[in-house]
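Examining the three-dimensional arrangement
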Amino acid sequence: MLNFRFKDTLEILPASNGVEWLKESWSIFTLAPVKILGATIIYLLFNMLLGLIPVAGPLLSFLLFPATSAGLIYFISSIDNNSGTSFAYLFQFINKKFILTGAIMGLLALCVGAALGLIAFGTFYLLGLGLGTIFILIVFLVLTIGYFCVIAIFWLSIPILVFHDDVTISDALKLAYNAVKFNWLPLIVNGLVCIILMAL
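Every value quoted in this text rests on a predicted model; they were computed, and no experiment measured them.

**Describing the environment of Phe-65**
Looking at where Phe-65 falls in the secondary structure, it is placed in helix α4 (residues 57-80). As for Phe-65 and Asn-47, which are separated by 18 residues in sequence, their C-alpha atoms are 7.3 Å apart. Contact partners of Phe-65, with chain neighbours within four places excluded, come to Tyr-43, Asn-47 and Trp-155.

Below is the structure:
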């Protein structure tokens, strides 16, 4: 197992990297737009169809989400590295390690969601006591940023597991957590730019 020294090995990036990541993503997309669109459609359809299975569907979709996401990441990476692509890459990470990752992420998501729900409930309770709108907006902003950071941690842990076989799930989550902690500003810039682009 790799001996990570999290703070020393992580680079603190400027806010402008949030935009640079989008530029790099676009440049990769232009290398093979049809293949990437095709892989993305297969990825979305697979997860959607899983969710339609009665009773077990939503659970299966959640458990396999990291595995299929890892497959899509690996597929796009193979295009960037010019190492040859195959749509079979989308499903090659459906294994015990990534299913367990899905289960852990699910439990963490439930815990975080419950905590955020309690905070939101308490905030609205305080609003009923006559506290100002500005206070509510500040709390809402903090909750939104917190939720975004949790999602970012989950997403960043997946490529770590894909490209480092000797990294455990807990180490991947720790490394992703520290990456978000030290680079929250470019991540927020990236998210805001994505929201603006989708709204256009």
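**Digging into α4**
Within an α-helix, residues lying three or four positions from one another point in the same direction, as the helix has 3.6 residues per turn. Given a rise of 1.5 Å per residue, 24 residues ought to cover 34 Å, and the 33 Å separating the end C-alpha atoms of α4 matches this to within 8%. Maximum bend of α4: about 45°, positioned at Leu-64, with proline Pro-66 one to four residues after it. Phi turns positive, to about 55°, at Asn-82, one or two residues after α4.

**Section: the confidence of the model for the protein**
Low-pLDDT portions of the prediction should not be read for the details of their coordinates. Across the protein, pLDDT averages 82, with 88% of residues at or above 70. Model confidence for the protein, summarised as mean pLDDT per element, is weakest for helix α1 (residues 6-9) at 48 and strongest for helix α3 (residues 33-51) at 93.

**A word on the packing of aromatic side chains**
A complete count under the given rule lists 7 aromatic pairs for this structure. When the centroid spacing of 5.7 Å and the interplanar angle of 70° are considered together, the rings of Tyr-74 and Phe-93 count as edge-to-face. Residue Tyr-74 is found in helix α4, and its partner Phe-93 is found in the loop between α4 and α5 (96-128); the two are separated by 19 residues along the sequence.

**Side note on the nonpolar core**
Among the nonpolar cores identified, the biggest contains 22 residues, and Ala-70, Phe-98, Ile-160, Val-162 and Val-180 are the most heavily contacted of them. Of all the elements in the fold, those that place two or more residues in this core are α4, α5, α6 (133-163) and α7 (169-182). The element best represented in this core is α6, accounting for 9 residues. Excluding anything up to four places from it in sequence, Val-180 contacts Cys-149, Ala-152, Ile-153, Leu-156 and Leu-187. In this structure, Ile-36, Ala-39, Ile-79 and Tyr-89 belong to the second largest nonpolar core, which totals 10 residues.

Procedures and definitions
Residues numbered from 1 in each chain as written. Predicted model: local features only at pLDDT ≥ 70, side-chain atom pairs only at ≥ 80, totals over all residues. Heavy atoms only, no water. Helix = DSSP H or I, 4+ residues; strand = E, 2+ residues; numbered from the N terminus. Contact = heavy atoms within 4.5 Å. Expected span 1.5 Å × (residues − 1). Bend = angle between axes of the 7 residues up to and from the residue. pLDDT = per-residue confidence, 0-100. Phe/Tyr/Trp six-rings, centres within 6.5 Å; stacked < 30°, edge-to-face > 60°. Core = buried A, V, L, I, M, F, W, Y, C linked by side-chain atoms within 4.5 Å. Buried < 20%, exposed > 50% of the residue type's maximum accessible area, 1.4 Å probe, protein only.

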